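# Report on the structure
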Amino acid sequence: VQETATTSLDAEIVANIRLGDASAETALYEKYSARVYFLALSELHSKEDAEDVRAETFLRVLQALRQDQLRSPGSLGPFIVGVALNVIREQVRQSSKTQSLDEKELNLTGDRSLESAFIDAEASRALEEAARGLKPREREFLRMYYYEELSKPEIARALGVKEERLRLIKSRVLKRFRESYKKLTSG
Amino acid sequence: LKEAMTHREIEEKEIIERYVLHQLSSDERRAFQEHYFECDECFERAHTEARFIASARKASAAGALAPTNEAKKAAASFWGAGWWRPVLALSATASLVLAAVVIWLWLSRTRLQTQLESERQARQTSAAGARQSIDNTQNEIEAKLRQSETERARLQQRLDELERRQPARPNHDLIAQARIPSVTLESSRDSSGIAQLSVPAGARKVLLLIPVEPGNRFASFTAEVFTKSKVLIDSIAGVRPNRSGSLAVSVPAARLGSGDYRVRLYGVNQGQHELLAEYDLRVLKK
């Protein structure tokens, strides 16, 4: 149902942009802006670069829509994904060239980690609340899995639990984290 | 055409987590990106999971998820107090010492058992040898006894035969002694009376029989015969006791007339004379 509704909405947006409707461009941006940013952030682990990717992606998508280059209005999402990935590749190539020229002086790489990309104050507090009631073995699992990057079979052997138990632990903690994060961001 | 990713597939393959951790293949990655561009729920879940994993990493790096902290808190009332450490160390040390002592005792016991066993075997061997030696000696003695007995019986038989063949001969010494006048002297202190000796005519000598204690310390005895007026008429030296334990002192009958005499007996040892007794004697010559 969601997919059908999305496809219908996308077709309407595409049609209106082709007609020069500015509100349609705003609607397009509101619908896909966060996704493009998340995609770029997931790939580059840099908020600044993700912002650049988002801006460049929407610039190219709008140009393409205005010029009626989208073959199927129902595939707007995959089209934006393709454009965003092309922008990212270009940026990575450009960044590599820059690094090779002035790597030490410019330090363009910065802190490109998952933590720097996705952590904010609310996320830290949400995790703190979610982990508060955890048993030592459950906390050990989180540390071994996400920080030491051990496999689940390895952790299961080390902690003496079944792998299925690890999935349940993660699912439970993640749910508590989500609830805490929502509460913190909505307040 | 690429197939669209389903929620079931996303759930079963843990696609969201693997996407955040960059563990998907490029095709899977692209498929999931296209999926969450159309799916609000998966986009929200992916974003949340990315925040969650990032936060978990940061907390782990900061030590907030260190199990030791939790464990210390949980066990602070008991293990955290630390009193058990010296007790545990002491117990472990005592156990080690005890184990060493037990092993040492066991080894000593084994060594002593071996030593005792070899000593016992040596004793058994020695005792068996001694028994054998004793048996051999006993057998030899018994054989000699049998041989001696046989020899004695043979000699006894021979002696009996000789005695039967030899005619009986008169004992001239006893006969002679029986014809010689004699008298047994008793000490004048012990005797109330005086010893009397009848000397028939024709007697050549008389015998004065003086009993002496058996096993005395004298090599020989000397007897002196005095008249009543203390004139020495004879001294007989070198007298030794006969088989009946008496001294047979022979005095020529010619020197004795009828009358009273006194006889003194001396014990002789290493040339020294010791007066042992005096006897009174009355001689009646016929």
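Heads up: the structure comes first, above all this text.
A brief structural summary. As the structure is a prediction and not an experimental result, all values here were calculated from the model.

To continue, consider the sheet that holds strand β3 (residues 205-211) of chain B. Residue and element names in this part refer to chain B. Taken in spatial order, the three strands line up as β1-β3-β6 in an open sheet, and their pairing is mixed. Whereas interior strands pair on both sides, the edge strands pair on one side only; in this sheet they are β1 (182-184) and β6 (246-252). Neighbouring strand axes in the sheet, compared pairwise and without regard to direction, differ in orientation by 20° on average. Here three bridges tie β1 to β3, and the two strands are oriented parallel to one another. What sits directly across from Thr184, in β3, is Leu209.

The full count for this structure, using the stated rule, is 36 salt bridges over all chains. In this structure, A:Arg60 and A:Glu56 form a salt bridge, with 2.8 Å as the shortest nitrogen-oxygen distance. Residue A:Arg60 and its partner A:Glu56 are located together in helix α3 (residues 47-66), separated by four residues, close to a single helical turn. With a relative accessible area of 26%, A:Arg60 lands in the partly exposed category. A salt bridge links B:Glu28 to B:Arg18, with the nearest nitrogen and oxygen atoms 3.5 Å apart.

On to the nonpolar core. The nonpolar side chains of a soluble globular protein tend to be buried, and buried together. The biggest cluster of nonpolar side chains holds 76 residues, and the ones touching the most others in it are A:Leu28, A:Leu39, B:Phe32, B:Tyr36 and B:Phe52. What A:Leu39 contacts, discounting residues up to four positions off in sequence, is A:Val81, A:Ala84, A:Leu85, A:Ile88, B:Tyr19, B:Gln33, B:Tyr36 and B:Phe37. Within the second largest apolar cluster, 28 residues are counted, among which are B:Val183, B:Val239, B:Ala253 and B:Leu265.

Turning our attention to the interface of chain A and chain B. Chain A puts 46 residues into the contact, and the matching count from chain B is 40 residues. Counting the surface lost from both chain A and chain B, the interface buries some 4300 Å², and carbon and sulfur atoms represent 62% of this. A per-residue breakdown of the area chain A buries against chain B is headed by A:Arg35, A:Phe38 and A:Tyr146, which together make up 17% of the total. Viewed at the interface, chain B and chain A are joined by 17 residue pairs in polar contact (both at pLDDT 80 or more). Contributing elements (two or more residues each) for the side of chain A that touches chain B: α1 (2-18), α2 (22-44), α4 (76-106), α5 (114-118), α6 (121-132), α7 (136-147) and α9 (163-186) of chain A. Of the residues belonging to the side of chain A that touches chain B, the class tally is 25 nonpolar, seven polar and 14 charged.

Packed helix pairs are specified by the crossing angle of their axes together with the interaxial distance, meaning the distance between the axes. Contact geometry for α9(A) and helix α4 (residues 40-61) of chain B: axes closest at 10 Å, N-to-C directions at 100°. For the element pair α9(A) / α4(B), the angle class is roughly perpendicular. For the pair α9(A) and α4(B), contact is made by A:Lys170, A:Val173, A:Leu174, A:Phe177, A:Arg178, A:Tyr181 and A:Lys182 and by B:Glu44, B:Arg45, B:Thr48, B:Glu49, B:Arg51, B:Phe52 and B:Ser55, respectively. Class assignment for the residues of the contact of α9(A) with α4(B) results in five nonpolar, two polar and seven charged.

Attention now moves to the packing of aromatic side chains. Applying the stated criterion to the full structure yields 17 aromatic pairs over all chains. Seen in terms of ring centroids, A:Phe38 and B:Tyr19 are 6.2 Å apart; in terms of plane orientation they differ by 40°. Their pairing is tilted. Here the residue A:Phe38 occupies a position in helix α2, and B:Tyr19 occupies one in helix α2 (residues 15-20), the pair thus bridging two chains. Taking relative accessible area as the criterion, A:Phe38 reaches 0% and is therefore assigned buried. A network of ring pairs unites the aromatic residues A:Tyr32, A:Phe38, A:Phe118, B:Tyr19, B:Phe32, B:Tyr36, B:Phe37 and B:Phe43 as a single cluster. Above the ring of B:Phe226, the side-chain terminus of B:Arg264 is found at 5.0 Å from the ring centroid.

So, how was this worked out
Residues numbered from 1 in each chain as written. Chains lettered and ligands numbered in written order. Predicted model: local features only at pLDDT ≥ 70, side-chain atom pairs only at ≥ 80, totals over all residues. Heavy atoms only, no water. Pairing = 2+ DSSP bridges. Helix = DSSP H or I, 4+ residues; strand = E, 2+ residues; numbered from the N terminus. Axes fitted to C-alpha atoms, helices over the stretch in contact; angles between N-to-C directions. Salt bridge = Lys/Arg side-chain N within 4 Å of Asp/Glu carboxyl O. Buried < 20%, exposed > 50% of the residue type's maximum accessible area, 1.4 Å probe, protein only. Core = buried A, V, L, I, M, F, W, Y, C linked by side-chain atoms within 4.5 Å. Contact = heavy atoms within 4.5 Å. Buried area = accessible area lost by both parts, 1.4 Å probe. Polar contact = N/O pair within 3.5 Å; in protein donor to acceptor, adjacent residues only side chain to side chain. Nonpolar A, V, L, I, M, F, W, Y, C, P; charged D, E, K, R; others polar. Parallel < 35°, antiparallel > 145°, perpendicular 65-115°, else oblique. Phe/Tyr/Trp six-rings, centres within 6.5 Å; stacked < 30°, edge-to-face > 60°. Lys NZ or Arg CZ within 6 Å of the ring centre and 35° of its normal.

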